[in-house]
Every structure is written in structure tokens, then in C-alpha cells.
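Architecture and fold: a report
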Amino acid sequence: MHPMSNPESATVMTFRDIDSAESALDWIGIDFVEGEGEAQGWFQGELDEVAAELLAIAIADAETPLPVRALAAVLKQRWDDEAAPRAWRVTFPA
């Protein structure tokens, strides 16, 4: 199922703008798609084993900026929780 159509995509973090959100996701290297509503935009994706490895790398890298590390930690925690949905969403003002 494409993450944009997944009703279990839960917002895990909100960024101040589209550039901050996109930069954080690009730094981590996970796949995502973009969407937009009336009041906010979002990026969504689904966690898998490759994403989990990229998240662990971002968390461990001393050069990872704090907002990126925070996002990676939230997503990694979601991956580690077997009961949590694999779909995720980050938002920003539209």
C-alpha cells in the first residue's frame, strides 16, 4: 500500500517549514513522498529494514544535526516497536 493512502500514517514530527522537513529526511536518506492539505503539507513514508539501518546511522553520526537526530530517533523507536504502524508522516505549514 502506498503510504499516501495508508490511514495509519501518524504524524511523528512537525517542522517549521518545508525546507527543514525535506532537509532532515534527505540527511537520513529514507524514501518519502510529498502531500499537501489546506493548512499543512507533509512528507510520508513507510519504515523497512533499509530505513531502520539509515536511522541508526543518522543517530550514531556525531555530525547529524539535532533536529535530524530527533526525527531519526522517533522513527527508529517506531520501527523498534513491533506493534507500531510502519507508516509515518512529518508535517510543516503549507
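All figures in this text were calculated on a predicted structure; none of them were measured in a lab. (Residues numbered from 1 in each chain as written. Predicted model: local features only at pLDDT ≥ 70, side-chain atom pairs only at ≥ 80, totals over all residues. Heavy atoms only, no water.)

Most of strand E3 (residues 40-46) is tucked away, with 5 of its 7 residues classed as buried. As paired elements, strand E2 (residues 33-36) and E3 share 4 bridges and run antiparallel to each other. Bridge assignment links Glu-34 to a residue of E3, and that residue is Phe-43. Taking the residues between adjacent antiparallel strands as the criterion, E2 and E3 are bridged by 3 residues. The pairing of E3 with strand E4 (residues 87-93) spans 7 bridges and is classified as antiparallel. Within the sheet, the bridge partner assigned to Gly-41 lies in E4 and is Phe-92. (Buried < 20%, exposed > 50% of the residue type's maximum accessible area, 1.4 Å probe, protein only. Helix = DSSP H or I, 4+ residues; strand = E, 2+ residues; numbered from the N terminus. Pairing = 2+ DSSP bridges.)

Glancing now at the nonpolar core. The biggest cluster of nonpolar side chains holds 20 residues, and the ones touching the most others in it are Ile-28, Leu-71, Leu-75, Trp-88 and Val-90. When residues of this core are traced back to their parent elements, those giving at least two are strand E1 (10-14), helix H1 (18-28), helix H2 (49-60), helix H3 (66-80) and E4. (Core = buried A, V, L, I, M, F, W, Y, C linked by side-chain atoms within 4.5 Å.)

If you trace the backbone, Arg-78 turns up in helix H3. Side-chain polar atoms of Arg-78 contact the backbone oxygen of Pro-85, separated by 2.8 Å. (Polar contact = N/O pair within 3.5 Å; in protein donor to acceptor, adjacent residues only side chain to side chain.)

Within the secondary structure layout, Ala-72 lies in helix H3. For the pair formed by Ala-72 and Phe-43, sequence separation is 29 residues and the distance between their alpha carbons is 14 Å.

Assignment of secondary structure puts Glu-82 in the loop between H3 and E4. Each C-alpha atom, one on Glu-82 and one on Glu-49, is 13 Å from the other, the two residues being 33 residues apart in sequence.

Here the focus is H3. Compared with the 21 Å implied by 1.5 Å per residue over 15 residues, the 21 Å span of H3 between its first and last C-alpha is a close match. Within H3 the residues assigned to the buried category are Val-68, Leu-71, Ala-72, Leu-75 and Arg-78. End-on view of H3: buried residues confined to an arc of 120 degrees, all on one side of the axis. Of the exposed residues in H3, the ones pointing more than 90 degrees away from its buried face are Leu-66 and Gln-77. Buried-residue contacts for H3 involve E1, H1, H2 and E4. (Expected span 1.5 Å × (residues − 1). Arc of directions from axis to C-beta. Contact = heavy atoms within 4.5 Å.)

Below, the discussion takes up a negative patch on the surface. Judged by side-chain charge, Asp-31, Glu-46, Asp-48, Glu-49 and Glu-53 come together as a negatively charged surface patch. Residue placement: Glu-53 occurs in helix H2. (Patch = residues over 30% accessible without salt bridge, like charges linked within 9 Å, V, L, I, M, F, W, Y side chains within 5 Å. Areas by Shrake-Rupley, 256 points an atom, 1.4 Å probe, with all protein chains shown as cover. Salt bridge = Lys/Arg side-chain N within 4 Å of Asp/Glu carboxyl O. Lys, Arg positive; Asp, Glu negative; His and termini not counted. Charge placed at Lys NZ, Arg CZ, Asp CG, Glu CD.)

Before going further, it helps to spend a moment on the environment of Ser-9. Residue position: Ser-9 is located in the segment before E1. Taking the relative accessible area as the measure of exposure, Ser-9 reaches 12% and is therefore buried. Each C-alpha atom, one on Ser-9 and one on Trp-88, is 4.6 Å from the other, the two residues being 79 residues apart in sequence.

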